[in-house]
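Given next are the chains, with one letter for each unit.
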Amino acid sequence: MDEIYASLGLSPEVYAFGEQVLAGLKDRFAAVDAAAEYNQAKVLGAMQKCRVSSACFATSTGYGYNDLGRDTLEEVYAAVFHTEAALVRPQITCGTHALALALGANLRPGDELMSPVGAPYDTLEEVIGIRPSAGSLAEFGISYRQADLLPDGDFDWDAIRAAITPRTKLITIQRSKGYATRPSLSVEQIGRLIAFCKSVKPDVLCMVDNCYGEFVQTVEPSDVGADMVVGSLIKNPGGGLAAAGGYICGTAPCVEQCARRLTAPGLGKEVGANLGQLPSMYQGLFLAPTVTAGALKGAIFAANIYEKLGFACVPNASEPRHDIIQAVTLGSPERMEAFCLGIQAAAPVDSHVTPVPWPMPGYDSDVIMAAGAFVQGSSIELSADGPIRPPYAVYFQGGLTWYHAKTGILMSLQKLYERGLVRLEGDNK
Ligand SMILES: *Cc1c(COP(=O)(O)O)cnc(C)c1O
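Remember, it's a predicted structure, so these values are computed and weren't measured experimentally.

**Student:** Quick question: what am I supposed to make of a nonpolar patch on the surface here?
**Tutor:** Together, Leu44, Leu241, Phe286 and Leu287 line one region of the surface with nonpolar side chains, adding up to about 280 Å² of accessible area. For Phe286, the location among the structural elements is in helix H10 (residues 278-308). With a relative accessible area of 31%, Phe286 lands in the partly exposed category.

Take a look at the structure:
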């Protein structure tokens, strides 16, 4: 084994360090496998119940009227997430688009949007108008308010109650930490939050940004009261195979609004050619529970490696996981670059290129991204990224298989080690 890893460029010290860490993770990995087994049965059962057949894989073009495969895939998603309806389309271009769609479709001028979990994901700042932007919700007279999390990461119940006003129409809850070092939320925590918000204002809609959270637990936010759950198909639920797309699962009225916004009033879900994307969307969903499990093992391995070296990790080495993201605070731009270089060098695609920071659209500082993916920008595939700003944290995620995630993490350590940016013994703080 050490020979094949040496042929990929790993030095014996780095490999041995990894094996030593891995030896302590058997119980953690068994729990991840158990969740994957449950979720595999959940997805399988949904496909059977919805009578997925080979006729569902046909390509449709043009208007896409009477698209059995598209309609059935949406039924499957609704069955998996236990919702009344779903909108799952390659025409939803990414997670940000899915979220902007869900918000824009369900809010009207004069309404207020509220986040009880602090600032939303970077790209939503322009969607909402927190950073002024043409076409933002703010331009349409939709205001925004937030209640920050307490310093220990708990909900600030008093601030949340105060932030819910007669105008509050929709509450947006981000499950994953995004580019922040706050903890990600468990489905149980989200359930308590939704119950509280609805006790303050019973008719308020609750939307969960479910990005990176799908299939990590055996329940989803839609099992605990969310009116909409929203995410990207080039993250967990696409299983690495979906070439593009996003989903919104939720109540029939909310999803209908989204469909009318995505296409047009009067058209709704009836149009939207599948353009040949359905086989990979179905098969990706089928694989998603095990792909997510591989990514989770990678995240646990990374936290245990880097914490042992003295770097702060969110989540830390031992705490429960609610998404597939691993934040590692490396403390300097040089370490961020070396880490990302290692992830890139471990990729099956573009392993020879060097990631450099760039001003990515939607983000307000330069971002470095390492990704050698089959699908452009796919972050269920092995990838690492982070904004070049203090505390210089990289966000590591994905890996279509556990073994690939393992290789990537070891290679990130290799590059740090080679450049003299970490020592394998002792504390690197
Ligand atoms: C990835 C992500 C999004 C959406 O990002 P896209 O790159 O547009 O798909 C939104 N919220 C969170 C928490 C995310 O992780």
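Right, picking up where we left off after that structure.
**Student:** Would you mind going over the site of the ligand with me for this structure?
**Tutor:** Around the ligand, the neighbouring residues are Cys94, Gly95, Thr96, Leu99, Tyr121, Gln174, Asp209, Cys211, Tyr212 and Lys235. Between the ligand and Lys235, the relevant distance is 3.1 Å, taken from an oxygen atom to a side-chain nitrogen or oxygen of the residue. About the coverage of the ligand: the protein hides 90% of its 380 Å² of free accessible area. Using a 2 Å cut-off from the grid points, one finds that the ligand occupies the largest pocket. Among the elements that take part in the shell around the ligand, helix H5 (residues 95-106) stands out by supplying three residues, more than any other. For the shell around the ligand, the per-class residue count stands at five nonpolar, three polar and two charged.

**Student:** Sorry if this is basic, but what is going on with the packing of aromatic side chains here?
**Tutor:** The geometry of an aromatic ring pair is captured by the separation of the ring centres together with the interplanar angle, meaning the angle of the planes. For the coordinates displayed, the defined rule picks out 14 aromatic pairs. Three or more aromatic residues joined by ring pairs make a cluster, and in this case those are Tyr77, Phe81, Phe215 and Tyr247. Positioned above the aromatic ring of Tyr121 is the side chain of Lys235, whose terminal nitrogen or guanidinium carbon lies 5.7 Å from the ring centre.

**Student:** Just to check I follow, could you spell out the sheet that holds strand S7 (residues 246-250) for this structure?
**Tutor:** Hydrogen bonds between backbone atoms are what pair the strands of a sheet, whose relative direction is either parallel or antiparallel. With mixed pairing, seven strands are arranged side by side in an open sheet as S1-S7-S6-S5-S4-S2-S3. The open sheet terminates on both sides in strands that have one partner only, identified here as strand S1 (85-89) and strand S3 (143-146). Taking each pair of neighbouring strands and ignoring which way they run, the sheet shows an average axis angle of 20 degrees. Two elements, strand S2 (residues 112-115) and S3, share four bridges in a ladder whose sense is parallel. Bridged to Ser115 within S3 is Gln146.

**Student:** Looking at this structure, how should I read the domain arrangement of the protein?
**Tutor:** When the parts of a complex come together, some accessible area is lost, and that lost area is often taken as the interface size. One can read the domain layout of the protein as domain 1 (2-39 + 289-418) and domain 2 (60-285). Centre-to-centre separation of domain 1 and domain 2, based on C-alpha positions: 27 Å. On the domain 2 side, the residues contacting the 35 residues of domain 1 number 32 residues. Both faces combined, the contact of domain 1 with domain 2 buries some 2700 Å², and carbon together with sulfur accounts for 59% of it. The tally of links from domain 1 across to domain 2 stands at two salt bridges. Run the count over domain 1 and domain 2 and you get nine residue pairs in polar contact (both at pLDDT 80 or more). For the side of domain 1 that touches domain 2, the elements supplying multiple residues, two or more each, are helix H3 (26-49), H10, strand S9 (326-329), strand S10 (367-371), strand S11 (383-387) and strand S12 (393-397). No other element matches the four residues that H10 contributes to the side of domain 1 that touches domain 2. Its residues assigned to classes, the side of domain 1 that touches domain 2 comprises 18 nonpolar, eleven polar and six charged.

Scoring rules and cut-offs
- Residue indices follow the written sequence of each chain, beginning from 1 at its first position.
- Reporting of local features is limited, given that this is a predicted model, to residues whose pLDDT is at least 70; pairs of side-chain atoms are given and counted only at 80 or more, and all residues count toward the totals for whole chains, interfaces and linings.
- Think of the side-chain values as coming from all heavy atoms in the structure, minus any hydrogens and water.
- Patch membership is restricted to residues that have no salt bridge and whose relative accessible area is over 30%. Joining uses 9 Å for like charges and 5 Å for the nonpolar side chains Val, Leu, Ile, Met, Phe, Trp and Tyr.
- Computed by Shrake-Rupley with a 1.4 Å probe, the accessible areas treat only the displayed protein chains as cover when residues are assessed.
- For salt bridges, the criterion is a side-chain nitrogen of Lys or Arg within 4 Å of an Asp or Glu carboxyl oxygen.
- Starting at the N terminus, helices and strands are each numbered in turn, a helix being any DSSP run of H or I of at least four residues and a strand any DSSP run of E of at least two.
- Partly exposed residues are those whose accessible area sits between 20% and 50% of the maximum for their type, while under 20% is buried and over 50% is exposed, using a 1.4 Å probe and protein chains only.
- The criterion for a residue being near a molecule or strand is simple. One of its heavy atoms has to lie within 4 Å of it.
- Distance and chemistry together define a polar contact, namely a pair of N or O atoms within 3.5 Å, with one atom able to donate a hydrogen and the other to accept it when in protein, and with adjacent residues in sequence counting only for side-chain atoms on both sides.
- Put simply, the grid is 1 Å and covers the protein atoms alone, a cavity is a trapped set of points that fit a 1.4 Å probe, a pocket is an open set with protein on both sides within 12 Å along at least five of seven lines, and lining residues have an atom within 4 Å of a point.
- The way we define it, a molecule is inside a pocket or cavity when more than half of its atoms are within 2 Å of that pocket's grid points.
- Lys, Arg, Asp and Glu make up the charged group, whereas Ala, Val, Leu, Ile, Met, Phe, Trp, Tyr, Cys and Pro make up the nonpolar group; the residues left over, Gly among them, are polar.
- Each aromatic pair joins two rings of Phe, Tyr and Trp (for Trp, the six-membered one) with centres within 6.5 Å, and gets the label stacked for planes under 30 degrees apart, edge-to-face for over 60, and tilted for any other angle.
- Lysine NZ or arginine CZ positioned within 6 Å of the ring centre and within 35 degrees of the ring normal marks a charge as sitting over the ring.
- The rule for pairing is simple: two strands pair if DSSP sees at least two bridges between them.
- Angles here are taken between N-to-C directions and fall from 0 to 180 degrees, while the axes themselves are lines fitted to C-alpha atoms, restricted in helices to the stretch in contact.
- An automatic or database domain assignment provides the domain bounds reported here.
- For this analysis, residues touch if any pair of their heavy atoms sits within 4.5 Å.
- Once two parts are joined, some of their accessible surface, as seen by a 1.4 Å probe, is lost; buried area is that loss totalled over both.

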